[in-house]
Amino acid sequence: MPSSAWALQKAIFQTLTGDAPLVGMLGGTRLFDNAPQSPEFPYVAFAMREPRDWDTATERGDEHLI
C-alpha cells in the first residue's frame, strides 16, 4: 500500500473515531477498517480498495477508492 493510502486510511479512522455523535449512535467505537468476522451491530466498516496513479507531467497525485 503506498504511503499516501496508509496516511489517508489512518486519517479517516482517526476522524471517525473522534466523532462523538457517531460513536454514541454506534454504542461504542465500532469502526473498522477491516471488520471482524462477526461484528456486533451497528458498526461502520470501510476499506481502501486501490490507489490509482494520477501523476501528470508536472504534478504527482493519487486517486483513492474507498
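This text goes with the structure placed above it.
Residues numbered from 1 in each chain as written. Predicted model: local features only at pLDDT ≥ 70, side-chain atom pairs only at ≥ 80, totals over all residues. Heavy atoms only, no water.

*Asks:* For this particular structure, what's the right way to read the pattern of salt bridges?
*Replies:* Oppositely charged side chains may form a pair once their charged atoms are brought near each other. All told, the structure shown has two salt bridges when counted by the stated rule. Between arginine 30 and glutamate 40 there is a salt bridge, and its shortest N-O distance comes to 3.0 Å. Highlighted residues: arginine 30 in the loop between α2 (20-26) and β1 (31-32) and glutamate 40 in the loop between β1 and β2 (44-45), separated in sequence by 10 residues. By relative accessible area, glutamate 40 is classed as exposed at 53%. (Salt bridge = Lys/Arg side-chain N within 4 Å of Asp/Glu carboxyl O. Helix = DSSP H or I, 4+ residues; strand = E, 2+ residues; numbered from the N terminus. Buried < 20%, exposed > 50% of the residue type's maximum accessible area, 1.4 Å probe, protein only.)

*Asks:* Would you mind going over the packing of aromatic side chains with me for this structure?
*Replies:* The geometry of an aromatic ring pair is captured by the separation of the ring centres together with the interplanar angle, meaning the angle of the planes. Enumeration over the complete set of coordinates arrives at two aromatic pairs. For the ring pair phenylalanine 32 and tyrosine 43, a centre distance of 5.9 Å and an interplane angle of 65 degrees mean the geometry is edge-to-face. Linking phenylalanine 32 in strand β1 with tyrosine 43 in the loop between β1 and β2, this pair joins segments that are 11 residues apart in sequence. Accessibility expressed as a relative area gives 28% for tyrosine 43, which makes it partly exposed. Geometrically, the ring pair formed by phenylalanine 41 and tyrosine 43 is tilted, given 5.3 Å between the ring centres and 45 degrees between the ring planes. In this structure phenylalanine 41 comes out as exposed when scored by relative accessible area, which is 64%. Taken together, Phe32, Phe41 and Tyr43 form an aromatic cluster joined through their ring pairs. (Phe/Tyr/Trp six-rings, centres within 6.5 Å; stacked < 30°, edge-to-face > 60°.)

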